[in-house]
Amino acid sequence: MNDPFEIVGIRQELQNHQMQEQENRRYRAIPWFSVVVLLIIVGGCLFCEKFMTKDPSYMDLKNYTVAPCREFLFGTDTMGRDIFSMIWYGGRQSLFIGFVATMVSTGIAIIFGTVSGLAPEWLDMLLMRMTEILLSIPNLLLVIFLQAILGKANVLSLSLVIGVTSWTSIAKVVRTEVRQLRSNEYVVAARCMGGGFFYILRKHLAPNFLSSIMFMVVMNIRSAIVEESTLSFMGIGLPLEIISWGSMLSLSEKALLTDGWWIILIPGAFLVATLLAITGIGDYLRKELNKKESYL
């Protein structure tokens, strides 16, 4: 006898097909061009000794301001240094500053935002007012002020100064997330059982808000590279003997006087390509976060 009842709902095959379609759309949405460009630039900077044609710090005064040619693929600057070798070697310094400054700012933001989120109302308000005061001050002015206190800039000091001055926006997001998470049962239970601050942060809080700040963390890398380049371009960042994309662009005035367009264009193109690639990846992370929030 046939069963008069029929099971309704989404069939397993259709459900699997829909899940596969979602995975395919997510795969196609990944900014592969930005990922490939960033991997090429980062890989070239890390392994530049394998293919550098000249010593990037050597000043060949016989061949200063030479246009791109077979011997000097990207030409030479006003001091006779090979721009092709300088691009890859100097990219190390700019990327190092970007990543180290972001690590410093993210660490400060997570600790400060978590303390504010778990603190009583009066202390939370005091910490947030201090954060808003720092946000109202242009970040570049803070960097210049702190670097002037430390003295002559180097890669490490500039990384620390940029990191110490660029944590406020992430801290506000962390504080908001922690305020929502602190009343959850597992957080309350961990605190009642004597769990310390860093234990609760590592086990219960950070895994829940890291995805929310990932976009801002990626964009902080871009901002740190821009700040280093801006300071060096203004002549108050890294000195000329420390090769970076910013210090290379600081020669732009002399390059314009000698019609050396390649001295400005090529380092600027690498800098812009890196920033656009990071921006594309950060925009993808932002869209993915918005999708997850809409599902919730």
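Scoring rules and cut-offs
Residues numbered from 1 in each chain as written. Predicted model: local features only at pLDDT ≥ 70, side-chain atom pairs only at ≥ 80, totals over all residues. Heavy atoms only, no water. Helix = DSSP H or I, 4+ residues; strand = E, 2+ residues; numbered from the N terminus. Buried < 20%, exposed > 50% of the residue type's maximum accessible area, 1.4 Å probe, protein only. Contact = heavy atoms within 4.5 Å. Areas by Shrake-Rupley, 256 points an atom, 1.4 Å probe, with all protein chains shown as cover. Axes fitted to C-alpha atoms, helices over the stretch in contact; angles between N-to-C directions. Left-handed = near helix turned anticlockwise from the far one by under 90°. Nonpolar A, V, L, I, M, F, W, Y, C, P; charged D, E, K, R; others polar. Salt bridge = Lys/Arg side-chain N within 4 Å of Asp/Glu carboxyl O. Phe/Tyr/Trp six-rings, centres within 6.5 Å; stacked < 30°, edge-to-face > 60°. Parallel < 35°, antiparallel > 145°, perpendicular 65-115°, else oblique. Core = buried A, V, L, I, M, F, W, Y, C linked by side-chain atoms within 4.5 Å. pLDDT = per-residue confidence, 0-100.

Draft legend 1. Region of interest: the overall build of the protein. Counting secondary structure elements, the protein contains 12 helices and 0 strands. In the protein, the order of α-helices and β-strands from amino to carboxyl end is α-α-α-α-α-α-α-α-α-α-α-α. For the protein, with 296 residues in total, the buried portion stands at 42%. Counted over contacts in the protein with a minimum sequence separation of 6, partners at least 24 positions apart contribute 70%. Only carbon and sulfur atoms are counted for the fraction: they give 66% of the accessible area of the protein, which is about 17100 Å².

Draft legend 2. Quick look at the packing of helix H3 (residues 83–118) against helix H4 (residues 121–136). Taken N-terminus to C-terminus, the directions of H3 and H4 make an angle of 145°; their axes are 8 Å apart at the nearest point. Taken as a pair, H3 and H4 cross one another with a handedness that is left-handed. Residues Phe112, Val115, Ser116 and Gly117 of H3 pack against Asp124, Leu127, Met128, Met130 and Thr131 of H4. Tallied by class, the residues present in the contact of H3 with H4 amount to 5 nonpolar, 3 polar and 1 charged.

Draft legend 3. Summary view of the pattern of salt bridges. Across all of its chains, the model carries 11 salt bridges by this definition. One salt bridge in this structure joins Glu132 and Lys172, with 3.7 Å as the shortest N-O distance. Of the two residues, Glu132 is situated in helix H4 and Lys172 in helix H7 (residues 168–181); the sequence distance between them amounts to 40 residues. By relative accessible area, Lys172 is classed as partly exposed at 26%. Ionic pairing is found between Glu241 and Lys152, a salt bridge with its closest N-O pair at 3.2 Å. Here Lys152 lies in the loop between helix H5 (139–150) and helix H6 (155–164) and Glu241 lies in the loop between helix H9 (197–234) and helix H10 (245–249), a separation of 89 residues in the sequence. Several salt bridges converge on common partners, so that one network encompasses Glu121, Asp124, Arg175, Arg179 and Arg182.

Draft legend 4. How the structure looks around the packing of aromatic side chains. Applying the stated criterion across every chain, the model contains 9 aromatic pairs. Three or more aromatic residues joined by ring pairs form one cluster here, namely Phe51, Phe74, Phe84, Trp88 and Phe270.

Draft legend 5. Molecular detail of the packing of H5 against H6. At a closest axis distance of 9 Å, the pairing of H5 and H6 adopts a crossing angle of 140°. Classified by the angle between their axes, H5 and H6 sit oblique to one another. Considering only the axes of H5 and H6, their crossing is right-handed. Of H6, the residues touching H5 (which contributes Val143, Leu146, Gln147 and Leu150) are Ser157, Leu158, Val161, Ile162 and Val164. Across the contact of H5 with H6, the residue classes break down as 7 nonpolar, 2 polar and no charged.

Draft legend 6. Structural view of the nonpolar core. Judged by nonpolar contacts, the single largest core of 29 residues is most densely connected at Ile83, Ile87, Trp88, Ile225, Trp245 and Met248. The element best represented in this core is helix H12 (residues 261–295), accounting for 9 residues. Apart from residues no more than four positions distant in its own chain, Ile87 is found in contact with Phe74, Trp245, Met248, Ile266, Pro267 and Phe270. The next biggest cluster of nonpolar side chains, apart from the first, holds 22 residues, and it includes Ile110, Met128, Ile213 and Met216.

Draft legend 7. Inspection of H6 at higher detail. H6 sits mainly inside the fold: 7 of its 10 residues count as buried. Listing the buried residues of H6 in full gives Val155, Ser157, Leu158, Ser159, Val161, Ile162 and Gly163.

Draft legend 8. Representation of the confidence of the model for the protein. This prediction gives the protein a mean pLDDT of 83; 88% of its residues lie at or above 70. When pLDDT is averaged over each element of the protein, H3 comes out on top at 91 and helix H1 (residues 12–29) at the bottom at 60.

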